Amino acid sequence: MSWSKKGEWLELILPKPLEAELEIGNYIRMPVLFLKKLIKSGGVLIKGPRVRLRLFPNEPLQDMPIWAPLDVLYEDDFCMVVHKPAGMRVHGDGSRNGSDQTTLADAVAFYYESTGQQCKVRHIHRLDEDTTGPVLYAKHEWAQLILDEDMRSKSIQRFYAAIVQGQSALLSGTIDEPIGKDRHHSARRRISVTGERAVTHYEVVEQLNQAMLVRLRLETGRTHQIRVHLSHIGLPIWGDSLYGGPTHGINRQALHGESLSFEHPLTGEFIHVSAPWTEDFLRLYTVLQKI
């Protein structure tokens, strides 16, 4: 099967003509309800083995986008991966308070507008405000449905690096502890038997001076998951004062998303996107090596 983008349409050249419109799902991943909606709206055109699907409708922005620098790590017609800097939220909270704070969603919206792409901003996952690293976006509804399902099935892999305080005889392990809200501190999360299941896999990469470089892989994506789990086992992240980490050497938690792996929603190709360490993370690592 070959494919190409024709304006708002995805054109497929199939090995043989379809006997029914719903057979499109035999060739590409296609949620049944979405396909039925597409058919009802006239978004499916079939001529012999040639099929066109209106997967790229123009979606005008609701608000004037705000410019902010954007580091694009990967992009195609269906999805995009960008680097989130420290101190920036993935999106706003919908309130008027802090509405003047530029978010990653603002930067992505401006990028779409400035490059002539009429897409809504659709993040697939999030990062904490002071955590750096790659964030995956779908450009249209169909890609979002596929990537959201991949997040639920845990086929999207996220890998992190952290500098933690302390030493451990265990070089690797899995932390499987539920996380819930801390009723005594609205900004904190804590290990709670009534919380949601949270699973973090970790590996010690290097012993530093009273610290370690740790790599982690998330199996679930709870708020503050890595921070809570590492603090729970006595290895708080450097700079993370909320969960007991030392505050000198870096003015945020030393937690960085190193890479993101996912299957392309159309082709199924395995895509691996890396994000280099930030300057403050590298600086702290270098200092702790030398002490």
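Before going into details, it helps to say that this report is about the structure given with it.

Cut-offs and rules
Residues numbered from 1 in each chain as written. Predicted model: local features only at pLDDT ≥ 70, side-chain atom pairs only at ≥ 80, totals over all residues. Heavy atoms only, no water. Pairing = 2+ DSSP bridges. Helix = DSSP H or I, 4+ residues; strand = E, 2+ residues; numbered from the N terminus. Buried < 20%, exposed > 50% of the residue type's maximum accessible area, 1.4 Å probe, protein only. Arc of directions from axis to C-beta. Contact = heavy atoms within 4.5 Å. Phe/Tyr/Trp six-rings, centres within 6.5 Å; stacked < 30°, edge-to-face > 60°. Lys NZ or Arg CZ within 6 Å of the ring centre and 35° of its normal.

1. Concerning the sheet that holds strand β5 (residues 71-75)
Inference 1: The strand order β5-β6-β8-β7 describes an open sheet built from four strands, whose pairing is antiparallel. Two strands bound the open sheet, and with one partner strand each, they are β5 and β7 (122-123).
Inference 2: Note that β5 and strand β6 (residues 79-84) share four bridges and pair antiparallel. Paired with E75 across the strands is M80, a residue of β6.

2. Here's the deal with helix α1 (residues 32-40)
Inference 1: Those residues of α1 that fall on the buried side of the exposure criterion are F34, L35 and L38. The buried residues of α1 occupy an angular sector of 100 degrees when the element is viewed end-on, so they sit on one face. Among the exposed residues of α1, those oriented more than 90 degrees off its buried face are L33 and K40.
Inference 2: Elements that come into contact with the buried residues of α1 comprise β3 (44-47), β4 (50-53) and α3 (141-152).
Inference 3: Of the residues trailing α1, G42 is marked for its positive phi of about 80 degrees.

3. Details of the packing of aromatic side chains
Inference 1: Counted according to the given criterion, the structure contains six aromatic pairs.
Inference 2: Geometrically, the ring pair formed by W3 and F78 is edge-to-face, given 5.5 Å between the ring centres and 70 degrees between the ring planes. One end of the pair, W3, is in strand β1 (residues 2-6); the other, F78, is in the loop between β5 and β6, with 75 residues separating them in the sequence.
Inference 3: An aromatic cluster is built from W3, F56, F78 and W142, whose rings are joined through pairwise contacts.
Inference 4: It is K5 that lies over the ring of F56; its NZ or CZ is 4.9 Å from the centre.

Treat this as a map of the structure, not an account of what it does.
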